[in-house]
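# Coordinates in review
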Amino acid sequence: TWPEYWQTNKDNIDKYKKSENDKFDMSSLANKISIWEGDITTLEIDAIVNAANESLLGGGGVDGAIHRAAGPYLRKECATLKGCQVGEAKITGGYKLPAKYIIHTVGPRGEKPDKLRDCYINSLELAENNEIKTIAFPCISTGVYGYPQQAAAEVALRHVLLHLEHHPKISRVIFCLFLSTDKEIYEKLLQKYCPQK
Ligand code: ADP
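Residues numbered from 1 in each chain as written. Predicted model: local features only at pLDDT ≥ 70, side-chain atom pairs only at ≥ 80, totals over all residues. Heavy atoms only, no water.

What follows is about the environment of Lys112. Within the fold, Lys112 resides in the loop between strand S4 (101–106) and helix H6 (113–129). The class of Lys112 is partly exposed, set by a relative accessible area of 42%. Expressed as a C-alpha distance, the spacing of Lys112 and Lys82, which sit 30 residues apart in the sequence, is 24 Å. (Helix = DSSP H or I, 4+ residues; strand = E, 2+ residues; numbered from the N terminus. Buried < 20%, exposed > 50% of the residue type's maximum accessible area, 1.4 Å probe, protein only.)

Put into structure tokens, the structure is as follows:
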């Protein structure tokens, strides 16, 4: 049965349901989600997601860390992409990172749930189109862009789970949490959504 939280948010869920009888298989979905605390640049995985800015030419926070770790050729490839709008996603190679690809997305400034959802969904779709099976997300927008952590985590987890339900090509999504406060938030939310985790 659907978790209580989702039953109270049917307007959102209906957009993703194929039919009235559609049910979430929580146990198989839960197996595709992991949370991990640490630096996203260290992950040996198909793709990591970068919380970039519209220029795609590097910045602070996780963006700066990714560009530093990937090396200068990343900026060269990014310069050919003509920027990225809020909510969109673009892909590059991983260069010196252990990850094969980097998916760059630009989060909203402040609490704009539709735009934040677009970041997660467009990143996942771009991943699927590039045969990416394992992907790690940072907490998009919750640093310099000021999205409240709890609200952002709810958007992230809900829409990633909803998306995975209908797009089985991705085998693992890792929420890479840099702050212990985010780790606590995600652990609690996962318990609520996927009690078996
Ligand atoms: P935004 O501009 O989208 O708010 P930030 O980079 O300022 O992006 O922050 C987004 C999140 O990334 C924050 O939770 C921040 O703590 C986290 N973060 C910073 N450095 C790293 C890193 N090396 N790996 C993973 N997450 C990171």
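Packed helices, taken two at a time, are described by their axes: the angle between them and the distance between them. In contact at an axis separation of 9 Å, H6 and helix H7 (residues 149–166) are set at 40° when each is read in the N-to-C sense. Viewed along their axes, H6 and H7 adopt a mutual orientation that is oblique. The two elements H6 and H7 cross, and the hand of that crossing is right-handed. Each of Pro113, Leu116, Arg117, Tyr120, Ile121, Leu124, Glu125 and Glu128 in H6 lies in contact with H7, whose residues at this interface are Ala152, Val155, Ala156, His159, Val160 and His163. (Axes fitted to C-alpha atoms, helices over the stretch in contact; angles between N-to-C directions. Parallel < 35°, antiparallel > 145°, perpendicular 65-115°, else oblique. Left-handed = near helix turned anticlockwise from the far one by under 90°. Contact = heavy atoms within 4.5 Å.)

With that out of the way, let us pick up the site of the ligand. In the vicinity of the ligand lie 17 residues, with Asp39, Val62, Ser141, Gly143 and Val144 positioned nearest. Between Val62 and the ligand, the recorded distance is 2.8 Å, taken from a backbone N or O atom to an oxygen atom. Starting from 570 Å² of accessible surface for the ligand in isolation, the protein chains cover 91%. Looking at the shell around the ligand residue by residue, the classes come out as 10 nonpolar, five polar and two charged. (Near = heavy atom within 4 Å. Polar contact = N/O pair within 3.5 Å; in protein donor to acceptor, adjacent residues only side chain to side chain. Areas by Shrake-Rupley, 256 points an atom, 1.4 Å probe, with all protein chains shown as cover. Nonpolar A, V, L, I, M, F, W, Y, C, P; charged D, E, K, R; others polar.)

Right, let's get into the packing of helix H4 (residues 61–70) against helix H5 (residues 72–79). With their axes 6 Å apart at the nearest point, H4 and H5 run at an angle of 115° to one another. With respect to H5, the element H4 is oriented roughly perpendicular. Listed contacts from H5 to Ile66, His67 and Ala70 of H4 are Leu74, Arg75 and Cys78. Classifying every residue of the contact of H4 with H5 by side-chain character gives four nonpolar, one polar and one charged.

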